[in-house]
Every structure is written in structure tokens, then in C-alpha cells.
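Summary of structural features
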Amino acid sequence: MTFWCPCVTYGRLTELSGTGLLGSGKDSCLINGCAWYWIAELFACVGSGVLGMITRGRIEEKYNLRRTSPGKAFCLHCCCPCVGLVQEYKAVEELQPRYEAAMSQPQPAVAYVAPTMEVAHQGAPAQLRQAELAQPPSHL
């Protein structure tokens, strides 16, 4: 399907990942798919390369993936847009359920650790330093 109509794959990708250029939500598939089609048609491979580069960067940032250089992403989407779209779609399809599960869990509370000055505590026993760290500051 991506070979014949890559704008549909791009629209689905942006809807699933929420990384579309023109919004996210239930209408983003149509809007972003049409935007990809017109930009790719008007600016040929450069348009699909730029859109692919931006979208890939957003996906890598959202899912905390290793960053691809923008030049590699641009070349991939410029020369082989179908390959880039399929790679991104499959990655998002696999990662999205785990991302949603992680975001729905309550975040653990962060414990307060008091800043210390090592110079002042060079001669102090370890138990004293640990006791100081366990006490929250009085202004909190």
C-alpha cells in the first residue's frame, strides 16, 4: 500500500504516533496525509525528504530512540520514501502500546536529597552524613 499511496501511510503514522505537522487527533490522518501528498507533489523528493526528516526526528524524540542524523533521514526519505515510512510505521506500531502503558502508570515521588559540601564533611563519620541527608530542609 505504501508503494502506491504513501500519503495514507504517512497519515496513519502521524495519527498513531501523534507527531504530525498539522495537528494530532482523530482527523490528523486525513490532514497530514493530504499535506504529505501536496508537499511531495509540489517539491518532489525534497518535500518528502524534509517531511520525513522532521517526522523521524519527532518520533525518535518521543520514544527516546537513538537519533538518526538529519542528513541520513533526509536522504532516506528523498530517495526511498516508502522504505522510510514503513520503517517508522512499524517502529511506532511496536512502541506505541508500551509508551501508552508507561504514561498511564503513576509516576513515583522523587525523594529530596539535600546538597552537601564535601569539604565540610571530610572528617565526619559516614553515619552523620547519612543522617543529614535524610532530614528534609526546614523551609519545605
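Further up the page is the structure itself.
So, here is what we can say about the structure in this document.

1. A short note on the packing of helix α1 (residues 6-17) against helix α4 (residues 81-104)
Running from N to C, α1 and α4 cross one another at 25°; their axes reach a closest spacing of 10 Å. Classified by the angle their axes make, α1 and α4 are roughly parallel. The hand of the α1/α4 crossing is left-handed. Seen from α1, the contacting residues are P6, T9, Y10, R12, L13, L16 and S17; seen from α4, they are L85, E88, Y89, V92, E93 and Q96. Here the contact of α1 with α4 is built from residues that sort into seven nonpolar, three polar and three charged.

2. Some details on the nonpolar core
Formed by C7, Y10, L13, W36, A40, L51, I59, Y63, L85, V92 and L95, the largest nonpolar core amounts to eleven residues. Counting only elements with at least two residues in this core, the list comes to α1, α2 (28-62) and α4. A total of four residues in this core trace back to one element, the largest contributor, which is α2. Every residue in contact with L95, bar those within four places of it in the chain, is listed here: Y63 and L65.

Cut-offs applied
Residues numbered from 1 in each chain as written. Predicted model: local features only at pLDDT ≥ 70, side-chain atom pairs only at ≥ 80, totals over all residues. Heavy atoms only, no water. Axes fitted to C-alpha atoms, helices over the stretch in contact; angles between N-to-C directions. Helix = DSSP H or I, 4+ residues; strand = E, 2+ residues; numbered from the N terminus. Parallel < 35°, antiparallel > 145°, perpendicular 65-115°, else oblique. Left-handed = near helix turned anticlockwise from the far one by under 90°. Contact = heavy atoms within 4.5 Å. Nonpolar A, V, L, I, M, F, W, Y, C, P; charged D, E, K, R; others polar. Core = buried A, V, L, I, M, F, W, Y, C linked by side-chain atoms within 4.5 Å. Buried < 20%, exposed > 50% of the residue type's maximum accessible area, 1.4 Å probe, protein only.

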